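Breakdown of the fold
So you can see what is in the structure, the chains are spelled out below.
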Amino acid sequence: MLSYPRIIAHRCGGALAPENTLAGLEIAAALGCAGIEFDVMLSADAVPVVIHDETLERTTNGHGRVAELSLRELQKLDAGRNHHKAYAGEPIPGLEAIMARAAQHKLWTNIEIKPAAGHDKETGKTVAQALAEWSGPGIVSSFSGAALRAARTTAPTLPLALLYEHLPPHWRDDYDELGALAIHLAARHVSSATAQALGKVAWACYTVNDHIEADRLFALGCTAIFTDRPDLW
Ligand code: G3P
Ligand code: CA
């Protein structure tokens, strides 16, 4: 049985702390936020690490592509200072570390598989293998159909959600074929027609950073929102 918290800290609450870090997770937990979302990509040696961009410059003091550095090299980088000097030294977490910390805080978890270009299947498979013993609560999502299909093949019971910007005409076929449990959508593209099309299917929206938009979506039947500002709720 799938259940979502209403408010989920997007990228662990990326407006309050460096995104996709344990520091962000700790702040979300301290605020009483019941769920977190984060992004997972593979290092050059195929270890799942928690980072959003394919390149390192925006969020870390590194340079180049995540997929070209080993775990050891990535772990030497500072993923905190670009957000604020108070977070200097905050590392890029591995999937294992963030899952362990989430479990300590009993956080609901949305693991977004974020493959670097050309690594869709490998990333889906590796993340699903890493989650083989995981029993939630939470869900695994991706914009990449290939990554989700690889995850499904690897772990037939893994709870999966399709992630789109707009709800595409073929969503129902994707949903049935994958055995998905929910749909995640960009809030700005969700209208009453979208909600009507989804019917009883669970759906969640990113990225919602104000009450007016949250209220609009919940009134349409939205199950949950992803927010960079869990402190607002
Ligand atoms: O998983 C929802 C949302 O995080 C997708 O967009 O770019 O923030 O990963 P992005
Ligand atoms: Ca994400």
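Definitions and limits used
Residues numbered from 1 in each chain as written. Chains lettered and ligands numbered in written order. Predicted model: local features only at pLDDT ≥ 70, side-chain atom pairs only at ≥ 80, totals over all residues. Heavy atoms only, no water. Helix = DSSP H or I, 4+ residues; strand = E, 2+ residues; numbered from the N terminus. Rg over C-alpha atoms; globule rule 2.2 N^0.38 Å. Buried < 20%, exposed > 50% of the residue type's maximum accessible area, 1.4 Å probe, protein only. Contact = heavy atoms within 4.5 Å. Areas by Shrake-Rupley, 256 points an atom, 1.4 Å probe, with all protein chains shown as cover. Pairing = 2+ DSSP bridges. Right-handed = clockwise from strand over helix to strand, strands pointing away. Near = heavy atom within 4 Å. Polar contact = N/O pair within 3.5 Å; in protein donor to acceptor, adjacent residues only side chain to side chain. Nonpolar A, V, L, I, M, F, W, Y, C, P; charged D, E, K, R; others polar. 1 Å grid on protein atoms, 1.4 Å probe; cavity = no way out; pocket = protein on both sides within 12 Å on 5 of 7 lines; lining within 4 Å. Points joined across faces, edges and corners; volume = space filled by probe spheres on them. Phe/Tyr/Trp six-rings, centres within 6.5 Å; stacked < 30°, edge-to-face > 60°. Lys NZ or Arg CZ within 6 Å of the ring centre and 35° of its normal. Salt bridge = Lys/Arg side-chain N within 4 Å of Asp/Glu carboxyl O.

1. Regarding the overall build of the protein
Per the secondary structure count, the protein includes eight helices and nine strands. Taking 233 residues into account, the globule formula puts the C-alpha radius of gyration at 17 Å, and the protein, at 17 Å, falls close to it. With the C-alpha coordinates aligned to their principal axes, the bounding extent of the protein is approximately 50 × 40 × 30 Å. Looking at the 233 residues of the protein, the share that counts as buried comes to 53%. Nonlocal contacts in the protein, meaning residues at least 24 apart in sequence, comprise 55% of its contacts between residues at least 6 apart. Split by element, the accessible area of the protein, about 10,600 Å² in all, is 52% carbon and sulfur.

2. Focus: the pairing of strand S5 (residues 138-142)
Counting buried positions along S5 yields five of five residues, so the element is predominantly enclosed. Pairing of strand S4 (residues 108-113) with S5, which is carried by four bridges, proceeds in the parallel orientation. If you follow Ile 111 over to S5, its bridge partner there is Val 140. Traced from S5 through helix H5 (residues 145-154) to strand S6 (residues 160-163), the parallel crossover comes out right-handed.

3. Section: the site of ligand 1
Close contacts around ligand 1 come from His 10, Arg 11, Glu 37, Asp 39, His 52, Glu 112, Lys 114, Phe 143, Leu 163 and Tyr 206, and that covers them all. Take Arg 11: an N or O atom from its side chain is 2.8 Å from an oxygen atom of ligand 1. The separation between an oxygen atom of ligand 1 and a polar side-chain atom of Lys 114 is 2.7 Å. In isolation ligand 1 has 290 Å² of accessible area, and contact with the protein removes 91% of it. Looking at side-chain class alone, the shell around ligand 1 contains three nonpolar, two polar and five charged residues.

4. Re the layout of surface pockets
Of the voids in this model, the largest pocket is the one considered here, and its volume is about 220 Å³. Breaking the lining of the largest pocket down by element, the ones donating at least two residues are helix H2 (71-75) and helix H3 (95-104). If one sorts the elements of the lining of the largest pocket by residue count, H3 sits on top with four residues. Partitioning the lining of the largest pocket into residue classes produces nine nonpolar, two polar and two charged.

5. Some remarks on the packing of aromatic side chains
Applying the stated criterion across every chain yields a total of three aromatic pairs. Arranged with centres 4.8 Å apart and planes meeting at 40°, the rings of Tyr 4 and Trp 108 form a pair that is tilted. With Tyr 4 in the segment before strand S1 (7-9) and Trp 108 in strand S4, the pair connects residues that are 104 residues apart, well separated along the chain. Note on accessibility: Tyr 4 and Trp 108 belong to one class, buried. Ring plane angle 65° and centroid distance 6.0 Å describe the contact between Trp 171 and Tyr 175, whose orientation is recorded as edge-to-face. Taken as a pair, Trp 171 and Tyr 175 lie in helix H6 (residues 171-178) at a separation of four residues, close to a single helical turn. For the residue pair Trp 171 and Tyr 175, the accessibility class agrees, reading buried in each case. The residue whose ring lies beneath Arg 6 is Phe 218, and the NZ or CZ to ring-centre distance is 3.8 Å.

6. A look at the pattern of salt bridges
Throughout the structure, instances matching the rule amount to 11 salt bridges. One salt bridge connects Arg 58 with Glu 19, and the closest N-O pair in it is separated by 2.7 Å. Of the two residues, Arg 58 is situated in the loop between strand S3 (48-50) and H2 and Glu 19 in the loop between S1 and helix H1 (22-30); the sequence distance between them amounts to 39 residues. A relative accessible area of 42% places Arg 58 in the partly exposed class. Overall, Glu 19 belongs to the buried group, its relative accessible area being 15%. Arg 229 is the partner of Asp 231 in a salt bridge, and the nearest nitrogen-oxygen pair spans 2.7 Å. The exposure class of Asp 231 is partly exposed, given its relative accessible area of 32%.

7. Examining empty space enclosed by the protein
Applying the stated criterion to the full structure yields one cavity of 30 Å³ or more. The wall of the largest cavity is formed by Glu 19, Asn 20, Thr 21, Val 50, Ile 51, His 52, Thr 59, Thr 60, Ala 79, Ile 92 and Pro 93. Within the lining of the largest cavity, the residues separate by chemical class into five nonpolar, five polar and one charged.

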